[in-house]
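Coordinate inspection notes
Letter by letter, the chains look like this.
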Amino acid sequence: MRFITIAWKNLAGRPLRSSLTVMGLAIAVAAAMVLIGVSQGFERSFLNLYNERGDLVVQHAGGVMQLSSSIDEKLGPRIQGLPGVRQVIGGLADLVALEQFDLFAVIVNGWDPDCPVLTDVTIVSGRRLRQGDRGRVMIGKLLADNTGRQVGDKIEIYAQEFEIIGIFESSSIYDSGAIFMLLEELQRLMDRPGQVTGYLVRATGLDDPRAVNELKQRIELLDPHISAVTVPEFVHNYAHIRVGRASAWIISTIAVTLSVIGMLNTMIMSVLERSGEIGTLRAIGWRKSRVMWLVLCESVLLSIGAAIVGVTLAILGVRMLRYWPPVTGFVEGNIPMSVIVSAFMAALLIGILGALLPAYRAAQLRPVEAMRHQ
Amino acid sequence: MSDVTATSTAADYLVRAENVSRMYPDGHVTALVDVSLAVRRGQYTAIVGPSGGGKSTLLNLLGALDVPTSGRVLFEEQPLSATADLDRLRARKIGFVFQSFHLLPTLTALENVQIPMFEGPRLSASQRASKAGQLLVAVGLSHRATHLPKQMSVGERQRTAIARALANDPMLLLADEPTGNLDSQVGGEILDLFDRLHRDRSMTLIVITHSAEIARRAQQIITLRDGRIVSNESVADFLSDADATTVE
């Protein structure tokens, strides 16, 4: 018999308590993983999306919410004219509710007809937007799947009906869940004529950090009310991502703290219940450290079980979440390996932290007194 | 009251108590008062006396499970108070058999016997299992090796506990009313087992008992009453004083 067998059999001998503890911790692990995984996935996907289209983001200076940023669209050609600039993409963005489908945050983008974004996506049904396509939209495949809309169907946006003329696929989950219409039409609908939310600037020679700074300065010199930041800086400081990240960590910290308390409670109860057994172990010569190690082993075994169940729940949960209408277009269907590894580490940490005090108490039991409990 | 005689040398004694007293933590009840005794190597000693007389307290002190309020206990002539690692002493040199067996309920008989081996001489998992199997054979329980305590009779549980006590080949076996929960037939089998251990392994036995049968088999009988030794005599002297099936 190996030492671990004793710990395992102690847990297996109390199946209800052990399984409840595992489930409690697993749910906490899964919740933390889903929150952090979704948050990181959101950020990563956002970063990929912007990286595909540019190196710098130009916005209204001092703005906190990207969607409320407003820049004169005449600035685009001026940026395009700067040295070191290869491509400039300007567009307007908004979030709309499609209440008939229970979707309350669908991205709407307005693009010029010749915008690379429109030409880069893959059309799976219908066609792309063209000059003069008023009252018409393209929708991402994920949105089409979630709404059941097809080419030729109508969709109501801003209390107006639009005809779906194309369904497209994109490597970005945001695009896949989005609605594209012509910039001019969205400007009209949002009552922001001649305005764009911002510009994505593709530059040349950005390997040199000095070149990046110089280009940023040149862009900002065009208009004192705009700021230019690199894509990673923009994504990292994006208000929704920051709020999402902070919320995920706060809620996860609470879940982990509750798990530690839960584990502490379970192991203390276990130690109290088994005082007699622990007293016997001490009486027949087990060192305090070995008794402590036994309690820690049991707790770590519970944690490993909880981590396995929790990771499984989280992976399944995120995959299901992707198709949950309220978050369509915002949640990726996978959890990064780094989050899975972190979850395992967190579960082990919870197991160890939750068992330290019970293990210490178990080791301090005096054999003669403890054995009277049996 | 000590049995220490002029013809015995210190090396003959495995365990000794010198003027040992033990007061309970509340400071009002004294469990043992100025008790002195000596047990030779290979000796079979019975401790008898009425309940509450201090027998178990004395056994706990001799087994390094408790410490005296005053006086001292010596094991192989080393004061326990000066022994750095009492856990190691208990694990390697002393075996305990308890009235209520104190087996771990989630482990089989074979696994229970291996428990002390984790603190004994280094053995591999297979060596531990093999040795435990041999001990179960020795106590006549090889057919119950894979059974849990709840699946065994009380006699089988006690034999498992005895096998566990022998796991690290101790010098001293301490038994606290080992037949107290057993019927006379099973109790007799346990006593026969103790006799064999004493005879075949020259093991030193100290047994607390209410059974005159155990007392008859012992070589030294110590009677405790109200925390004091009231007699310390050979079995012949004891039997001439008491002819009963139970002793107080």
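The present account deals with the structure reproduced in this document. (Residues numbered from 1 in each chain as written. Chains lettered and ligands numbered in written order. Predicted model: local features only at pLDDT ≥ 70, side-chain atom pairs only at ≥ 80, totals over all residues.)

**Looking at helix α6 (residues 184-201) of chain B**
All names here are of chain B. Quick reminder of the rule: Secondary structure elements follow DSSP: runs of H or I of four or more residues count as helices, runs of E of two or more count as strands, with numbering from the N terminus. Each helix should span, by expectation, one fewer than its residue count multiplied by 1.5 Å. Partly exposed residues are those falling between the two cut-offs: more than 12 but fewer than 20 other C-beta atoms within 10 Å of their own, whereas 20 or more means buried and 12 or fewer means exposed, with C-beta atoms placed from the backbone. By arc we mean the arc of the directions from the helix axis to the C-beta atoms, nothing more. The contact rule is simple: place each C-beta atom from the backbone, and if two of them lie within 7 Å, those residues are in contact.
Counted at 1.5 Å a residue, the expected span for α6 with its 18 residues is 26 Å, and the 25 Å between its end C-alpha atoms agrees. Among all positions in α6, only Gly187, Ile190, Leu191, Phe194 and Leu197 are buried. Axial view of α6: buried residues confined to an arc of 110°, hence all on one face. Exposed residues lying more than 90 degrees from the buried face of α6 are Gln185, Asp192, Arg199 and Asp200. On its buried face, α6 sits against α5 (154-165), β7 (172-176), β8 (204-208) and α7 (212-217). Looking one or two residues past α6, Ser202 carries a phi angle of roughly 50°, positive in sign.

**Some remarks on the packing of helix α2 (residues 15-53) of chain A against helix α13 (residues 337-364) of chain A**
All names here are of chain A. What counts here: Fitting a line to C-alpha atoms yields each axis, with helices limited to the stretch in contact; the angle taken between N-to-C directions then spans 0 to 180 degrees. A clockwise turn of the near helix away from the far one marks a right-handed crossing, whereas an anticlockwise turn of less than a right angle marks a left-handed crossing. Each residue gets one of three labels, nonpolar for Ala, Val, Leu, Ile, Met, Phe, Trp, Tyr, Cys and Pro, charged for Asp, Glu, Lys and Arg, and polar for the others, Gly among them.
It is at 10 Å that the axes of α2 and α13 come closest, and there the two elements cross at 145°. In this structure, α2 meets α13 at a crossing whose hand is right-handed. Together, Leu25, Val29, Ala32, Met33, Ile36, Gly37 and Gln40 of α2 and Val339, Ala343, Ala346, Ala347 and Ile350 of α13 make up the contact between the two elements. Here the residues of the contact of α2 with α13 are counted per class, giving 10 nonpolar, two polar and no charged.

**As for the nonpolar core**
Residues and elements named next belong to chain A. Short version of the rule: To define a nonpolar core, we join buried Ala, Val, Leu, Ile, Met, Phe, Trp, Tyr and Cys residues through C-beta atoms within 7 Å and take the resulting set. Each domain span listed reflects an automatic or database assignment of domains.
Counting 180 residues, the largest nonpolar core has Leu25, Val29, Ala32, Met33 and Val58 as its most contacted members. When residues of this core are assigned to their parent elements, the largest contribution, 16 residues, is made by α2. Residues from two domains meet in this core; each of domain 1 (3-45 + 241-371) and domain 2 (62-224) gives at least three. Once residues within four sequence positions are removed from consideration, Ala32 is found in contact with Ser252, Ala255, Val256, Ala343 and Ala346.

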